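Analysis of the macromolecular model
Given next are the chains, with one letter for each unit.
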Amino acid sequence: MMDAFERFGLLINDRVVRTPVAIASMAGIVDAGYVLERADHIGIAFIGGYSIDGPTMDAARAIASSGDRKEFIYDAPVIELKSQIDLMAKSDVIPGINLRGSTPESFSTIARTLGDRIVYEIDAHCQQPAMIAAGCGEFYLKHPEKLLAVIRALKSEGVTVSVKIRAGVADDDRTLVGELWKAGADILHVDLMDFGTAKLRQIRNACPLVLIANNSITTFDRMKDMLSHGADLVSVARQSDIRTLAGLDAAITRYAEEEGWYNAPKQLCRGGDIRSLTFCCMPVKECPLIPALTRIGMPKETYIRMKLEAVRGTQLDTGKQTCFGSLSWCCKTSSPCMFRDMTLKQAGISRKEYMRLKRDLSDMIMSRVFHDNTQDETS
Ligand SMILES: Cc1cc2nc3c(=O)[nH]c(=O)nc-3n(C[C@H](O)[C@H](O)[C@H](O)COP(=O)(O)O)c2cc1C
Ligand code: SF4
Ligand code: SF4
């Protein structure tokens, strides 16, 4: 039996994430008590949303009194948040707080007071008119420079920052997420609405942030679809009942134990995201690899050198009888191939270990693409 880090390789706020299943916030509903009841089946939870300054607390009161939606109502946000965070500490769930604030100072003051043991999630998602009028929620997606200022303010307090967005609201999601990453955000939590996996792939191709996919992800099939198009975790809000969360957790744990890479991308020519370069061939023919390299601004020669150098001296540095003379160019285990499988057998590498080695190669490729390469617009 593998441990959680071997299984998923996920660290958030310097802690191992037990399972890539999260609870997404619902104002007035998801608090520490809600999370503790479900703690055995999740890796991280975002409680809230909590309003943290005068304008947003007034907005919360207005929403709650109109009777349309529940809200967490209190007079002293710090006291309320402290007590919720202390309760969360009774479990090994990584605690996150979803916050509605209208200025960078509101966020940095809270972070200075509550410290770095929690993930701070900026609510740039809420579409309640009163919240938008208070200058938070979706307001931030229409005024990205203000959102970037909030991220910078939180990062100046040395804390881990997640940004919760709704896809399709900003002028261009790809530009936005690239800017969020450059401003210092650590996690992108995205409500995909009805956009599906094509949008998720676009976002994955535009930033290297830890990516949490959200919206109606209540079955393992749907979860797997999200993970194979770029998500690192999935989150559930409305249907975050114990049965659903336990089902997702058990299924992804089993899958990771069997396959070795729980969120392996599809092959590029089957709609995979940028991580799938790890499974791509030598660039010898006209296929989706060529435009993909053009979009990331990487010459073919650099791509070839990058992969060969990355596997040198590793277990993937073998495979004379494969198509291109090295396992570094070989396909995903879901594509049947006797030449690859023969090579793996001779080298004493299990199919699961092969996928883990491909994951390491993909991590290195992502790092090269986003940290060492000048990227064009990706799709
Ligand atoms: C009643 C309710 C309250 C919500 N409150 C918040 C909130 O305070 N902050 C936030 O970022 N998202 C909030 N959301 C959005 C959810 O976190 C989630 O993005 C959305 O419900 C889609 O995911 P689901 O299909 O798993 O429910 C709320 C959703 C609901 C239904
Ligand atoms: S290089 Fe191979 S795996 Fe990649 S897109 Fe082309 S044919 Fe598909
Ligand atoms: S040897 Fe098999 S796995 Fe490797 S590149 Fe060729 S077809 Fe793909």
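The notes below deal with the structure included here. (Residues numbered from 1 in each chain as written. Chains lettered and ligands numbered in written order. Predicted model: local features only at pLDDT ≥ 70, side-chain atom pairs only at ≥ 80, totals over all residues.)

Right, let's get into the environment of Cys337. As for its placement among the helices and strands, Cys337 is situated in the loop between helix H14 (300-311) and helix H15 (338-347). Since 15 C-beta atoms lie within 10 Å of it, Cys337 is described here as partly exposed. Separated by 15 residues in sequence, Cys337 and Thr322 have C-alpha atoms that sit 9.3 Å apart. (Helix = DSSP H or I, 4+ residues; strand = E, 2+ residues; numbered from the N terminus. Buried ≥ 20, exposed ≤ 12 C-beta atoms within 10 Å, placed from the backbone.)

Tracing the backbone shows Ile42 in the loop between helix H2 (32-37) and strand E4 (44-51). Distance in space between the C-alpha atoms of Ile42 and Arg7 is 15 Å, their sequence separation being 35 residues. Each residue touching Ile42, except ones within four places of it in the same chain, is listed here: Thr19, Val21, Ala22, Ile23, Val93 and Leu245. (Contact = placed C-beta atoms within 7 Å.)

On to helix H10 (residues 196-204). Summarising burial for H10: seven of the nine residues are buried, a large majority. Buried residues of H10: Thr197, Lys199, Leu200, Arg201, Gln202, Ile203 and Arg204, and no others. At its buried positions, H10 is contacted by helix H9 (173-183), strand E8 (187-191), strand E9 (210-214) and helix H11 (220-227).

Right, let's get into the packing of H14 against helix H16 (residues 351-372). Interhelical geometry of H14 versus H16 gives an angle of 135 degrees and a closest axis separation of 10 Å. Relative to H16, H14 is oriented oblique. As H14 runs across H16, the sense of the crossing is right-handed. In this structure, H14 contributes Met306, Ala310 and Val311 to the contact, and H16 contributes Leu361, Met364, Ile365 and Arg368. Within the contact of H14 with H16, the residues separate by chemical class into six nonpolar, no polar and one charged. (Axes fitted to C-alpha atoms, helices over the stretch in contact; angles between N-to-C directions. Parallel < 35°, antiparallel > 145°, perpendicular 65-115°, else oblique. Left-handed = near helix turned anticlockwise from the far one by under 90°. Nonpolar A, V, L, I, M, F, W, Y, C, P; charged D, E, K, R; others polar.)

Our next topic: the pairing of strand E6 (residues 119-124). Most of E6 is tucked away, with six of its six residues classed as buried. As defined by bridge partners, strand E5 (residues 94-100) adjoins E6 across four bridges and the pair is classed as parallel. In the sheet register, Asn98 faces E6, and the bridge partner there is Glu121. Relative to strand E7 (residues 160-166), E6 runs parallel, the two being bridged by six bridges. Paired with Val119 across the strands is Thr160, a residue of E7. (Pairing = 2+ DSSP bridges.)

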